[in-house]
Amino acid sequence: MLAVGALGGCGQIPPGQSVDPRTASPTPTKATRTPYVASDEQVARLRSLQATLQASRASVSAWKGTPAQASALDWAIGVAAEQRGALGVVAGPSPTPAAGPVPAASVKKQLDADAAYYRGLASGGQQPSAALWAAMAAWCQIAGAAVTAGNVRVQALGQGRATLPASAAPQDAGNDALAACHQVVYGLPIAISVGGWSKPDLEAVGVRLNAWANLRDALVDAITSLPGTPIAPQPYYQLKAPASAAAARGVVGGLQAAALPHLAVALDSGPASVRPTLAATVGQIAYDLTRWGTPVPRWPGLS
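Keep in mind the model is a prediction, meaning the values are calculated, not measured.

Draft legend 1. Spotlight on the overall build of the protein. Scanning the protein from terminus to terminus reveals 8 helices and 6 strands. Traced from its N-terminal end to its C-terminal end, the protein shows the element sequence β-β-β-β-α-α-α-α-β-β-α-α-α-α. Looking at the protein residue by residue over its 303 residues, the buried ones come to 49%. Long-range contacts, defined as pairs at least 24 residues apart, comprise 84% of the intrachain contacts of the protein with a sequence gap of at least 6. With an accessible surface of roughly 13,100 Å², the protein has 57% of that area assigned to carbon and sulfur atoms.

Draft legend 2. Here's a closer look at the packing of helix H3 (residues 104-123) against helix H4 (residues 130-149). Where H3 meets H4, the closest approach of the two axes is 8 Å, and the angle between their N-to-C directions is 165°. Considering the angle they form, H3 stands roughly antiparallel to H4. The hand of the H3/H4 crossing is left-handed. In this structure, H3 contributes Ala-104, Val-107, Lys-108, Leu-111, Asp-114, Ala-115, Tyr-118, Arg-119, Leu-121 and Ala-122 to the contact, and H4 contributes Ala-130, Trp-133, Ala-134, Met-136, Ala-137, Trp-139, Cys-140, Gln-141, Ala-143, Gly-144, Val-147 and Thr-148. Here the contact of H3 with H4 is built from residues that sort into 16 nonpolar, 3 polar and 3 charged.

Draft legend 3. Seen up close, H3. Over its 20 residues, H3 extends 28 Å from the first C-alpha to the last, a length consistent with the 28 Å expected when each residue adds 1.5 Å. Listing the buried residues of H3 in full gives Ala-104, Val-107, Gln-110, Leu-111, Asp-114, Ala-115, Tyr-117, Tyr-118, Leu-121 and Ala-122. Packed against the buried residues of H3 are helix H1 (40-58), helix H2 (67-86), H4 and helix H8 (275-292). Downstream of H3 by one or two residues, Gly-125 has phi in the positive range, about 70°.

Draft legend 4. Spatial organisation of the pattern of salt bridges. Summed over the entire model, instances satisfying the criterion amount to 9 salt bridges. For Arg-249, the salt bridge goes to Asp-201, with nearest N and O atoms at 2.3 Å. Residue Arg-249 is located in helix H7 (residues 245-269), and its partner Asp-201 is located in helix H6 (residues 199-224); the two are separated by 48 residues in the primary sequence. Close ionic contact of Asp-201 with Arg-291 constitutes a salt bridge, the shortest N to O distance being 2.8 Å. In this pair, Asp-201 is assigned in helix H6 and Arg-291 in helix H8, connecting sequence segments 90 residues apart. Salt bridges here are not isolated pairs; linked through shared partners, they connect Glu-41, Arg-45 and Asp-114.

Draft legend 5. Fine view of the environment of Tyr-237. Following the sequence through the fold, Tyr-237 ends up in the loop between H6 and H7. As for Tyr-237 and His-182, which are separated by 55 residues in sequence, their C-alpha atoms are 9.6 Å apart. A distance of 3.2 Å separates the side chain of Tyr-237 from the backbone nitrogen of Gln-234, its partner in a polar contact.

Draft legend 6. Quick look at the packing of aromatic side chains. Scanning the model with the defined rule gives 5 aromatic pairs in all. In textbook terms, an aromatic cluster arises when at least three aromatic residues are bridged by ring pairs, as seen for Tyr-117, Tyr-118 and Trp-133.

Cut-offs used in this document
Residues numbered from 1 in each chain as written. Predicted model: local features only at pLDDT ≥ 70, side-chain atom pairs only at ≥ 80, totals over all residues. Heavy atoms only, no water. Helix = DSSP H or I, 4+ residues; strand = E, 2+ residues; numbered from the N terminus. Buried < 20%, exposed > 50% of the residue type's maximum accessible area, 1.4 Å probe, protein only. Contact = heavy atoms within 4.5 Å. Areas by Shrake-Rupley, 256 points an atom, 1.4 Å probe, with all protein chains shown as cover. Axes fitted to C-alpha atoms, helices over the stretch in contact; angles between N-to-C directions. Parallel < 35°, antiparallel > 145°, perpendicular 65-115°, else oblique. Left-handed = near helix turned anticlockwise from the far one by under 90°. Nonpolar A, V, L, I, M, F, W, Y, C, P; charged D, E, K, R; others polar. Expected span 1.5 Å × (residues − 1). Salt bridge = Lys/Arg side-chain N within 4 Å of Asp/Glu carboxyl O. Polar contact = N/O pair within 3.5 Å; in protein donor to acceptor, adjacent residues only side chain to side chain. Phe/Tyr/Trp six-rings, centres within 6.5 Å; stacked < 30°, edge-to-face > 60°.

Structure follows, in structure tokens:
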């Protein structure tokens, strides 16, 4: 069991970043996070991933990986080291050389299993932060795609540090995420109103729009059950129709990326009943960014 000391500080919710400018961001409350001790299973998972990534990178020529896949593995090794550092887990001993090549499919299989595990921790609100576990689960999904495809735009090392959300009252935190949902649900139809979209991409935006609407409804129900008062959507938002389909793709990705930090606040401080939906949505959004060419953060919602 290893103690944690490297998590980013509990930063204030950035002023002016609420998607509803007429509504104040949640009022942070003073909270002290106790030192976290990673469980034996968490230590084992992090070190096992380290070994798998290094073995795959060392054998990339043997399994006929591309230069892009090798680059993705280098990136993944760096981020995995950041995750171990954030949880206070020192690197394990040098891994025993693999018996044979470790192809991308094997790496993705392990990353998918880790994603499911971390998503479960996020859904249960496990310490040190549900938002942290959701970010790690989302990253595992993205890394699996990056290593397999080798063409995913990702946030470079050194371009983001995991900073845990400030604590907020459950209603405020839930409403911060709900305000983000309102803007995305308003904005996605505008983005696809321009011509030039392919049928698969239009269908993909439709699927994502339904997911956002479902999250919106879940947040409304959860806030009401506190009991609390869900924030209403604005009658309009300052969002103009994009000039082209290419610009519209950027809007689809940008709207969703901008919402991630607000979902992180709700994961940590919002109604517990909606955590599983929030954790799943963070992963879906972050993975979806790979489709629209939006650079994917290493810590979705936290960096």
